[in-house]
Amino acid sequence: MSTLKQQIETLKKEKNAIILAHYYTLPEVQEVADFVGDSLGLARKAAETDADIILFAGVHFMAETAKILNPTKKVLVPDMSAGCSLADSCKAEKLAEYKAKHPGYKVLSYVNCSAAVKALSDLIVTSGNALKLVNQLLQDEKIIFVPDGNLGDYINRMTGREMILWDGACCVHDHYEVEQLEKMKAEHPNAIVVAHPECRREMLEKVDFIGSTAAMLNFISENDAREFIVVTESGILYEMQRRNPDKVFHTLYEGAPEHDCINMKKNNLENIYQALCDEAPELIMDEELRQKALVPIQRMLDLS
Ligand code: 13P
Ligand code: SF4
């Protein structure tokens, strides 16, 4: 184990700290994490931990969710600039205006949004529970879905709903090209293709399985095929390969870090170590905002 990893382990014990990391982070970050998961798994873990400090290696909205669920705990974010294009695409002021123009509509928000947007929402979903939760809503419920237009379109098609969709997109998944998938399929004709629902509809129509990061991992472990094309951020390959050492994985753009999520990659051993030493940067949240944002998150956790 590298010295930095050892020092992180020592600090975690000394300070009763836990590291939660998303599957898209760097392999060495996933190695020092106590729990690695998708957004739903990370929210659940954040809700149940008894650590005094939660260091969140992911992006800002995920750390906010941890703080919303754990007001008395210190939530550390190694790099406060680690944002998310989806969360950025839906500003709370714009959503408030939109809501006012659509009386009678419920706001269903993908977890990739700010605490201020959550506070305006009736229910939060993740890519891991969206279909299940939307199917539980009344058929004639009028819904505005924010911020991911691609995920919303996928939910509409799968559930037969006609939710109004916000025009937001993930700057990583929305840029994946169908032509590149066709090229990869021609090069690997026996490969099974899995994709994240943040991809565009024309991409999702060409794949064998659609699901959250955790759902893709489970699908691959349970599938007998030996080769997979993975249409999501490349960081997930670390866990896929770890769980399935005898299977072969290709990302859509092999060896091209420009197609990765730059924000997830802002977490590294150096800034994790430093954050644990300094107990900073700490995520601070206004208590009134936190209480409002908690309501739709808690609803999601209770229903899923
Ligand atoms: P998951 O909840 O599937 O891990 O997705 C989070 C995310 O940001 C995907 O881009
Ligand atoms: Fe946000 Fe996309 Fe990065 Fe996920 S991959 S955190 S949706 S920018």
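Caption draft 1: Region of interest: the layout of surface pockets. In this structure, the largest pocket spans a volume of roughly 270 Å³. Put simply, the parts of the chain that give the lining of the largest pocket at least two residues each are α3 (39-48), α4 (60-69) and α5 (85-88). Of the residues assigned to the lining of the largest pocket, the class counts are 14 nonpolar, twelve polar and three charged.

Caption draft 2: Layout of the sheet that holds strand β7 (residues 143-146). Strand order across the open sheet formed by four strands is β6-β5-β7-β8, with parallel pairing between neighbours. Sheet topology places β6 (123-125) and β8 (164-165) at the edges, where each strand pairs with a single neighbour. Pairing of strand β5 (residues 106-110) with β6, which is carried by three bridges, proceeds in the parallel orientation. Residue pairing across strands places Y110 opposite V125, the latter belonging to β6.

Caption draft 3: Fine view of the packing of aromatic side chains. Evaluation of the coordinates by the stated rule reveals four aromatic pairs. Ring centres of F228 and F249 lie 5.7 Å apart, and the angle between their planes is 25°; this geometry places the pair in the stacked category. Here F228, found in strand β11 (residues 227-231), pairs with F249, found in strand β12 (residues 248-251); they are 21 residues apart in sequence, far enough to count as distant. Here the two residues F228 and F249 agree in accessibility, since each one is buried.

Caption draft 4: Structural detail: helix α14 (residues 269-278). Buried residues of α14: L269, N271, I272, A275 and L276, and no others. Of the residues that open α14, the one with a side-chain oxygen 3.1 Å from the backbone nitrogen of E270 is N268. Backbone geometry just after α14 places E279 at a positive phi near 50°.

Caption draft 5: Representation of the pattern of salt bridges in the model. Counting across every chain of the model gives 18 salt bridges. We note a salt bridge from E31 to K5, for which the minimum N-O separation is 2.4 Å. Of this pair, E31 sits in helix α2 (residues 27-32) while K5 sits in helix α1 (residues 3-15); the two residues are 26 residues apart in sequence, bridging distant segments of the chain. Assessed through its relative accessible area of 40%, E31 is described here as partly exposed. Where K45 meets E48, a salt bridge forms, and the shortest distance between an N and an O atom there is 3.3 Å. Pair noted here: K45 and E48 are both in helix α3, with a separation of three residues, about one helical turn. Relative accessible area serves as the criterion here: at 27%, K45 is assigned to the partly exposed category.

Caption draft 6: Layout of the environment of I8. Considering the arrangement of structural elements, one finds I8 in helix α1. Setting aside anything within four residues of it in sequence, one finds I8 in contact with I19, V32, L269, I272, Y273 and L276.

Cut-off values and rules
- Residues numbered from 1 in each chain as written.
- Chains lettered and ligands numbered in written order.
- Predicted model: local features only at pLDDT ≥ 70, side-chain atom pairs only at ≥ 80, totals over all residues.
- Heavy atoms only, no water.
- 1 Å grid on protein atoms, 1.4 Å probe; cavity = no way out; pocket = protein on both sides within 12 Å on 5 of 7 lines; lining within 4 Å.
- Points joined across faces, edges and corners; volume = space filled by probe spheres on them.
- Helix = DSSP H or I, 4+ residues; strand = E, 2+ residues; numbered from the N terminus.
- Nonpolar A, V, L, I, M, F, W, Y, C, P; charged D, E, K, R; others polar.
- Pairing = 2+ DSSP bridges.
- Phe/Tyr/Trp six-rings, centres within 6.5 Å; stacked < 30°, edge-to-face > 60°.
- Buried < 20%, exposed > 50% of the residue type's maximum accessible area, 1.4 Å probe, protein only.
- Polar contact = N/O pair within 3.5 Å; in protein donor to acceptor, adjacent residues only side chain to side chain.
- Salt bridge = Lys/Arg side-chain N within 4 Å of Asp/Glu carboxyl O.
- Contact = heavy atoms within 4.5 Å.

Take it as geometry only, folks, not as evidence of what the structure does.
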